Protein chains: 2
Amino acid sequence: MTGPTEEQPDRARRRASRNGPAKPTIADVAALAGVSVSAVSKVVNGRDGISPPTRQRVLDAAAKLGWAPSATAVALRGARTRAIGMVAGRSPDVLATDPHFTLLISGIERELAPADHGLLLHIVGEEPGAEERAYRRLAEERRVDGVILTESRVGDLRFDLLRRLRLPAVLVGAPWRDDPVVAVRAADQDAGVRAAVAHLHGLGHRRISYVSGPQDRVHTVFRRRVFAEAMAEHGLRPGRTLISDFTAQGAVAAMRELLAADAGERPTAVLFANDTMAVAGMNAARRLGFDVPRDLSVIGYDDLPLGELVYPSLTTIGQDLVQLGRAAAAAMFGLLSVPHATGPVPVRPPRLIPRESTGPAPV
Amino acid sequence: MTGPTEEQPDRARRRASRNGPAKPTIADVAALAGVSVSAVSKVVNGRDGISPPTRQRVLDAAAKLGWAPSATAVALRGARTRAIGMVAGRSPDVLATDPHFTLLISGIERELAPADHGLLLHIVGEEPGAEERAYRRLAEERRVDGVILTESRVGDLRFDLLRRLRLPAVLVGAPWRDDPVVAVRAADQDAGVRAAVAHLHGLGHRRISYVSGPQDRVHTVFRRRVFAEAMAEHGLRPGRTLISDFTAQGAVAAMRELLAADAGERPTAVLFANDTMAVAGMNAARRLGFDVPRDLSVIGYDDLPLGELVYPSLTTIGQDLVQLGRAAAAAMFGLLSVPHATGPVPVRPPRLIPRESTGPAPV
DNA sequence: TTGAAAGCGCTAACAG
DNA sequence: CTGTTAGCGCTTTCAA
């Protein structure tokens, strides 16, 4: 006789089932160490009031069982899920051409991982409402402690939604007017576009065009304004500005339109809102018989590795997306009062990276 | 007097605190609807035994409060987190050049989202042990119901680890020998490389080289074998094979080495293990004075959008990464017995996509 | 220095 | 048809 059956704890009985060993719980660790569950809890949480020998026995038992506190149970107890949400409203196709998101995510992870937080990602496509639904679910189901947003729009509805949902939020990039949200961005956002215009002006370019992103994006509006200002500062007529999407096809169409003009009107340099469009535009120009940079200079935005791979290599405006992601995560931790190693993360201003796709203006 | 203070429920008292309204719970919904909590539970879970009017009252109350069952509580109760984990062991830099992961993730999400599952992503860099630690934490903390793996290695340790951790796993790609894991992959994996060799042979190429990925990757080993077989089938000497990493720099170095040979030995066509390397290699060749495709034909792998952007556009072997991701998620649902709309997802074999970077062999 | 016990929000038996 | 209640695994008072 080893004892009355009804004394056998539930766990042990379950463990004997044909499913093999169940996942260990704090009770198993306590039993193995010969202590109470609260002792185990105190040990793993670094609370004091535990003698070194007891502590060691608990640690050994936990290691032997391969046990760590269940994130779920901890979350239920303390209302902290230790997960941050992010919703990307982009089609796989755009996502594939443009590592913008991927870089941001890398940066975010760099901060989250050491603090033992996870990133819950939702990629939802661009159907209207999909993004909002994703945030709503994240909030209502309390799956995450907060969310990181990107690509603020003019008249963005997400901030209000999130505030109603009481979900802490951090925006990567500039908010529109005074949207009530914590935003992280580079110091001196405008430096890149200004430097690009100055660079082209110095090369003798006078007719410079700008191919922007969709106009509901806040950064589109801001950058176009900066572009216009910079042109004026150099005493140039505001160049022609085309509104495009972020796709390669859009860039090709824009390039065709710009190059269709008479020689005297045709731009000798074009700024694109991202590198993908710039590369696509560059090739479109070449297929139309224009040599880059001899007949036409091209500048991108983001400094993706792509720009170094192509021929001619792409002059571009670099922004440190990884760092921006880190900053966003750090800001989130601030909002949540989560202690974390890194303090506030500085983000350098965007800067011009001259390569082969820009050259002297044609005479 | 509205009643004795000690009768006031906890919730209501908390709600009155300065923090504003607390997140509603099932009890709040029940109270508002004037029913019991179990009635609410039954309604949201579609159980029967609830009269239509009651049901409606509950639904209204839930909507009014913006309530949905707490994912945490549900998980604790049922041991299902409704989240799938994925660990990407890649540096941000590689991630940025190569949307391989991004596309996979898009596909995974496409399946997960409709089934109301989340994707918990960990990007860990390539330090040894980092990946394993990430999986271990995912498992020990029971944050996810299962994990999706990519890039199986020769002698991969992760499968054993995950089995010990009792975490269901699905591998994207071919396992090495008979690693005990559910794997999803395209029908006829080898079709792409075979088609590429046939294509080049048809264009008159006789000296064809292959620049592979790191040799601990299973697909590297398999594809090299297929390459050798295909060459033999066409009566060609096995071309020179170089082992590289997946980076642009690696490709440039490989290209330099291949083109340094005497004209009689120099390959007239090169197959690369991914598109990034192919594009980088193509440009390296051009900088060395070789025209593509006149002097040298180049073929990539993956069919990333990048291939269409560059000039000349890249002939490549396309595999449907989004579909592979979907298949992996579907397989995971199978493993977890989660009912989901999509049945098993078929993945088409890799196929050759001829573009401008391949042409007749130089005479 | 240790342990017992009360919940966190939810679901599923079981009773009415 | 509807309500009561016992946990899921954990942390945290409060007592011993």
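Residues numbered from 1 in each chain as written. Chains lettered and ligands numbered in written order. Predicted model: local features only at pLDDT ≥ 70, side-chain atom pairs only at ≥ 80, totals over all residues. Heavy atoms only, no water.

1. Focus on the overall build of chain A
- Tallying secondary structure elements over chain A gives 15 helices and 11 strands in all.
- With the C-alpha coordinates of chain A rotated into their principal frame, the extents come out at 100 × 40 × 40 Å.
- Within the span of chain A, comprising 363 residues, buried residues form 55% of the whole.
- Across chain A, contacts joining residues at least 24 apart in sequence account for 69% of those joining residues at least 6 apart.
- Accessible surface computed for chain A: about 16,100 Å², of which carbon and sulfur atoms make up 52%.
- Charged side chains of chain A number 46 positive and 40 negative; the gap between the two group centres comes to 4 Å. (Helix = DSSP H or I, 4+ residues; strand = E, 2+ residues; numbered from the N terminus. Buried < 20%, exposed > 50% of the residue type's maximum accessible area, 1.4 Å probe, protein only. Contact = heavy atoms within 4.5 Å. Areas by Shrake-Rupley, 256 points an atom, 1.4 Å probe, with all protein chains shown as cover. Lys, Arg positive; Asp, Glu negative; His and termini not counted. Charge placed at Lys NZ, Arg CZ, Asp CG, Glu CD.)

2. Focus: the protein's contact with DNA strand C
- Neighbouring residues of DNA strand C: 25 residues in total, closest Lys42(A), Ser51(A), Thr54(A), Arg77(A) and Ile26(B).
- Considering DNA strand C, the proportion of its atoms within 4 Å of the protein that are sugar or phosphate atoms stands at 63%.
- Separating a base nitrogen of DNA strand C from a side-chain N or O atom of Ser38(A) is a distance of 3.1 Å.
- Contacts to DNA strand C include Ile26(B), whose backbone N or O atom sits 2.3 Å from a phosphate oxygen.
- Of the residues contributing to the surface near DNA strand C, the split by class is 10 nonpolar, 10 polar and five charged. (Near = heavy atom within 4 Å. Polar contact = N/O pair within 3.5 Å; in protein donor to acceptor, adjacent residues only side chain to side chain. Nonpolar A, V, L, I, M, F, W, Y, C, P; charged D, E, K, R; others polar.)

3. Quick notes on the pattern of salt bridges
- As enumerated under the stated definition, the model contains 39 salt bridges over all chains in all.
- The partner of Glu151(A) in a salt bridge is Arg217(A), with the nearest N and O atoms 3.4 Å apart. With Glu151(A) in the loop between strand 3 (146–150) and helix 9 (158–164) and Arg217(A) in the loop between strand 6 (208–212) and helix 11 (218–233), this residue pair connects regions lying 66 residues apart in the sequence. In terms of burial, Glu151(A) and Arg217(A) fall into one category: buried.
- Here Arg136(B) and Glu132(B) are joined by a salt bridge, their closest N and O atoms 3.5 Å apart. Here Glu132(B) and Arg136(B) lie together in helix 8 (residues 130–140), a separation of four residues that amounts to about one turn. (Salt bridge = Lys/Arg side-chain N within 4 Å of Asp/Glu carboxyl O.)

4. Observations regarding the UniProt feature "domain: HTH lacI-type" (unreviewed entry) in chain A
- Residues annotated in UniProt with the feature "domain: HTH lacI-type" (unreviewed entry) correspond here to residues 24–78 of chain A.
- Taken end to end, residues 24–78 of chain A is 69% helix and 0% strand, and its first and last C-alpha atoms sit 21 Å apart. (UniProt positions renumbered as here; feature names shortened; annotations may be inferred.)

5. What to know about the domain arrangement of chain A
- In terms of domains, chain A is made up of domain 1 (7–76), domain 2 (83–186 + 322–336) and domain 3 (191–319).
- Placing a centre on the C-alpha atoms of domain 1 of chain A and another on those of domain 3 of chain A gives a separation of 61 Å. (Domains from an automatic or database assignment.)

6. Details of the relation of the copies chain A and chain B
- Note on the copies: chain A fits chain B at an RMSD of 0.1 Å, the axial shift is 0.0 Å, and the rotation between them is 180 degrees. Each copy turns onto its partner about a two-fold axis. For chain A, the minimum C-alpha distance to the rotation axis belongs to Leu120(A) and amounts to 2.3 Å.
- Most of the interface of chain A is mirrored in chain B: 100% of its interface residues are interface residues there too. (Least-squares fit on C-alpha atoms with pLDDT ≥ 70 in both.)

7. With respect to the interface of chain A and chain B
- Listed as interface residues are 60 residues of chain A and, on the opposing side, 61 residues of chain B.
- Together chain A and chain B conceal approximately 5,300 Å² of surface at their shared face, both sides included; 57% is due to carbon and sulfur atoms.
- Of all residues in chain A, the largest losses of buried area upon contact with chain B belong to Lys23(A), Arg142(A) and Leu309(A), amounting jointly to 13% of the total for that side.
- The interface formed by chain A and chain B contains four salt bridges.
- Between the two partners, chain A and chain B, sit 19 residue pairs in polar contact (both at pLDDT 80 or more).
- Counting residues per element, the ones that place at least two in the side of chain A that touches chain B are helix 5 (71–78), helix 6 (92–97), helix 7 (100–112), strand 2 (118–123), helix 8 (130–140), helix 13 (275–287) and helix 14 (306–309) of chain A. (Buried area = accessible area lost by both parts, 1.4 Å probe.)

8. Let's talk about helix 12 (residues 248–259) of chain B
- The end-to-end C-alpha distance of helix 12 of chain B, which contains 12 residues, comes to 16 Å, matching closely the 16 Å that a straight helix rising 1.5 Å per residue would cover.
- By the burial criterion, the buried members of helix 12 of chain B are Ala248(B), Gly250(B), Ala251(B), Ala254(B), Met255(B), Leu258(B) and Leu259(B). Angular distribution of buried residues about the axis of helix 12 of chain B spans 155 degrees; they occupy a single face of the element. Across from the buried face of helix 12 of chain B, at angles greater than 90 degrees, the exposed residues are Gln249(B) and Arg256(B).
- On its buried side, helix 12 of chain B packs onto helix 14 of chain A together with strand 6 (208–212), strand 7 (241–243), strand 8 (269–272) and helix 13 (275–287) of chain B. (Expected span 1.5 Å × (residues − 1). Arc of directions from axis to C-beta.)

9. Some words on the sheet that holds strand 8 of chain B
All names here are of chain B.
- Read from one edge to the other, the open sheet built from six strands follows the order 7-6-8-9-10-11, with strand pairing classed as mixed. Taken across any chain shown, the strands that pair with only one partner, and hence form the sheet edges, are strand 7 and strand 11 (351–353). Looking at each pair of strands side by side, their axes are set apart by 20 degrees on average, direction ignored.
- As paired strands, strand 10 (residues 315–318) and strand 11 are joined by three bridges and run antiparallel to one another. (Pairing = 2+ DSSP bridges. Axes fitted to C-alpha atoms, helices over the stretch in contact; angles between N-to-C directions.)

10. Some details on the packing of helix 2 (residues 26–33) of chain B against helix 4 (residues 52–65) of chain B
All names here are of chain B.
- The geometry of helix 2 relative to helix 4 is characterised by a closest axis approach of 8 Å and an angle of 125 degrees between their N-to-C directions. Classed by the angle they form, the pair helix 2 and helix 4 counts as oblique. By crossing handedness, the relation of helix 2 to helix 4 is classed as right-handed. Contacts from Asp28, Val29, Leu32 and Ala33 in helix 2 reach Arg57, Val58, Ala61, Ala62, Lys64 and Leu65 in helix 4.
- Of the residues assigned to the contact of helix 2 with helix 4, the class counts are seven nonpolar, no polar and three charged. (Parallel < 35°, antiparallel > 145°, perpendicular 65-115°, else oblique. Left-handed = near helix turned anticlockwise from the far one by under 90°.)

11. Some words on the packing of aromatic side chains
- Summed over the entire model, instances satisfying the criterion amount to four aromatic pairs over all chains.
- Aromatic pair Tyr210(B) and Phe227(B): ring centres 5.1 Å apart, planes at 25 degrees, arrangement stacked. One end of the pair, Tyr210(B), is in strand 6; the other, Phe227(B), is in helix 11 (residues 218–233), with 17 residues separating them in the sequence. Here Tyr210(B) and Phe227(B) have matching classes, each one buried.
- It is Arg223(A) that lies over the ring of Tyr301(A); its NZ or CZ is 3.6 Å from the centre. (Phe/Tyr/Trp six-rings, centres within 6.5 Å; stacked < 30°, edge-to-face > 60°. Lys NZ or Arg CZ within 6 Å of the ring centre and 35° of its normal.)

12. Details of the confidence of the model for chain A
- Confidence in the prediction for chain A averages 88 pLDDT; 93% of positions are at 70 or higher.
- When the criterion is pLDDT under 50, residues 1–20 of chain A qualifies, and its contacts beyond four places in sequence or with other chains add up to 11 contacts. (pLDDT = per-residue confidence, 0-100.)

13. Examining the packing of helix 5 of chain A against helix 5 (residues 71–78) of chain B
- At a closest axis distance of 9 Å, the pairing of helix 5 of chain A and helix 5 of chain B adopts a crossing angle of 130 degrees. In terms of orientation, helix 5 of chain A lies oblique with respect to helix 5 of chain B. Note that helix 5 of chain A runs across helix 5 of chain B; the crossing there is left-handed. On helix 5 of chain B, the residues that touch Thr72(A), Ala73(A), Ala75(A) and Leu76(A) of helix 5 of chain A are Thr72(B), Ala73(B), Ala75(B) and Leu76(B).

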